[in-house]
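Here are the chains, one letter per residue:
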Amino acid sequence: MDLAEKILQKDKRAVARLITLIERENLEAREALKKLYKYTGNSFVIGITGPPGAGKSSLVNELAKKIREKGKTVGIIAVDPTSPFTGGALLGDRIRMQDLTLDEGIFIRSMGSRGSLGGITKAAYDAVKVLDAYGMDYVIIETVGVGQTEIDIVKLADTVVLVLVPGLGDDVQAIKAGIMEIADIFAVNKSDREGADRLVHEIEMMMELSQKDFDFRPPIVKTVAVTGEGIDVLECRISEHLDYLCKNGILEQKRKTRVKEEFMELLKEHITRLILQKNESKIDMLVRDISNRTVDPYTALDILTKEIF
Amino acid sequence: MQETKTIRVLIAKPGLDGHDRGAKVIARALRDAGMEVIYTGLRQTPEQIVEAAIQEDVDVIGLSILSGAHNVLFPRVIELLREKGADDILVVGGGVIPHDDIPYLKECGIAEIFTPGTPISQIVEFIKNNVKK
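Residues numbered from 1 in each chain as written. Chains lettered and ligands numbered in written order. Predicted model: local features only at pLDDT ≥ 70, side-chain atom pairs only at ≥ 80, totals over all residues. Heavy atoms only, no water.

**Some details on the packing of aromatic side chains**
Residue and element names in this part refer to chain A. Here is the rule: Centre distance within 6.5 Å is the pairing criterion for rings of Phe, Tyr and Trp, where only the six-membered ring of Trp is used; planes under 30 degrees apart are then read as stacked, over 60 as edge-to-face, and the remainder as tilted. Only DSSP runs of H or I reaching four residues or more are called helices, and only runs of E reaching two or more are called strands; each is numbered from the N terminus. Classification of residues uses two cut-offs on accessible area relative to the type maximum, computed with a 1.4 Å probe and protein chains only: under 20% is buried, over 50% is exposed, and between them is partly exposed.
In this structure the tally under the stated criterion is four aromatic pairs over all chains. When the centroid spacing of 6.2 Å and the interplanar angle of 45° are considered together, the rings of Phe44 and Tyr138 count as tilted. Residue Phe44 is located in strand β1 (residues 44-49), and its partner Tyr138 is located in strand β5 (residues 138-142); the two are separated by 94 residues in the primary sequence. For Tyr138, a relative accessible area of 11% gives the class buried. Ring geometry for Phe107 and Tyr134: centres 6.3 Å apart, planes at 70°, overall edge-to-face. Separated by 27 residues along the polypeptide, Phe107 in strand β4 (residues 106-112) and Tyr134 in the loop between α5 (122-133) and β5 bring together distant segments of the chain.

This is the structure in structure tokens:
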């Protein structure tokens, strides 16, 4: 039996193995994904993002428990940063999810960001497909503790929950571009701390100032992940968002866009690799000429593309 | 396609002791050696450790123990790995472990025991030379 068949028969080790092969860019992984693709598209993908220390892992832990109470299964992908210097990583999000480990309906995988700058690793796109084909009702992706522009999660998730905490900045932060724009739902975590109400107020203000007409106005939920407070409301808001996406055909549209983007990425990567492989010496020569200023980069591009196409 | 292999290590503290500075030092050192280290935190049961190791598809499990329960908990981890058909994972141990106990632990299937004072480079080298997959 090959990996794909084993995964369809609910073999957990095969799931773990395939995700490793995906991370290694192994050719066998591609073959398995080819077979699994038609079994994907059934999981709801929830992205959990926010600054480091906001309590994303604890929130994922509580959220997963709530979803399990409804009898649904949950796959979790927890991304932590890879060192750009050594390639090593310390993946510590499982610490907050200890009570989920032995639950048969939950599968947790930690992944290093491995050079990706968008907040999630490239391999996560395919890891979601694996968990989807494995039959998980929900896949939760926790991104690396993001700053202001690591917002790739919007490309991958059906619903994005932005986790914020009191005390990180003034109200100008709330009207900056980038991360504040991607939330379908705001979770103000550690809301037992001072400043929580002010933060809620600032987020509301930001939405007031927006010229955008919200069909689904992002709700703001106050949570305290370590005690589980507010998690039931958060779970409720997520369900409402999913309902909204389904009823209005937005989910279908979102997923179509995602399929196209993913395919374009794949195409770009593949074509680049082909060109680099087949024209290595020519490219080296052109690069040398560009450095010597005997040719400019644009002319060099013309020369190369004329030869290829 | 260029295949890139990164060694994945699970660092776990089985049993009831509440002190994990040593485990964190090792985790950090392995990270600096270019490995992906999954740290699972304190007070883990052997069942939790083995389950996490399977889901994370690690090459190595590093068990750290200071409480004296190593003769029970280490062999239990090995036993569970065998039961689940995951005994291709390299298991090493560390912590406050009397020298007299080491032969027994190795007999049970722990590949190596690192006691306090072991140079970290030695641990890194051992792992690099002994991962099975």
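**Regarding unusual backbone geometry**
Residue and element names in this part refer to chain A. Of note in the backbone geometry, Glu25 takes a positive phi value of approximately 55° without being a glycine. Mapped onto the fold, Glu25 is located in the loop between α2 (12-23) and α3 (27-36). Exposure remark for Glu25: the relative accessible area of 28% places this residue in the partly exposed category. Look at Arg114: it is not a glycine, yet its phi comes out positive at around 40°.

**Structural notes on the domain arrangement of chain A**
Rules: Here the limits of each domain have been adopted from an automatic or database domain assignment.
Domain boundaries assigned for chain A yield domain 1 (41-248) and domain 2 (261-306). The straight-line distance from the C-alpha centre of domain 1 of chain A to that of domain 2 of chain A is 38 Å.

**A look at the pattern of salt bridges**
Stated formally: Take a side-chain nitrogen of Lys or Arg and a carboxyl oxygen of Asp or Glu: if they are within 4 Å of each other, that pair is a salt bridge.
Under the criterion given, the structure shown has 42 salt bridges over all chains. Note that A:Lys12 and B:Glu51 form a salt bridge whose closest N and O atoms lie 2.8 Å from each other. You can see A:Lys12 sitting in helix α2 and its partner B:Glu51 sitting in helix α2 (residues 46-55), one on each of two chains. With relative accessibility at 11%, the residue A:Lys12 sits in the buried group. The partner of A:Arg198 in a salt bridge is A:Glu202, and the shortest N-O contact between them spans 3.5 Å. Taken together, the residues span about one helical turn, with A:Arg198 and A:Glu202 both in helix α7 (residues 196-209) at a distance of four residues. Residue classification places A:Arg198 among the exposed residues on the basis of a relative accessible area of 54%. Taking the relative accessible area as the measure of exposure, A:Glu202 reaches 13% and is therefore buried. Within the structure, one salt-bridge network assembled from shared partners comprises A:Glu23, A:Arg94, A:Arg109, A:Arg114, B:Arg8, B:Glu36 and B:Glu56.

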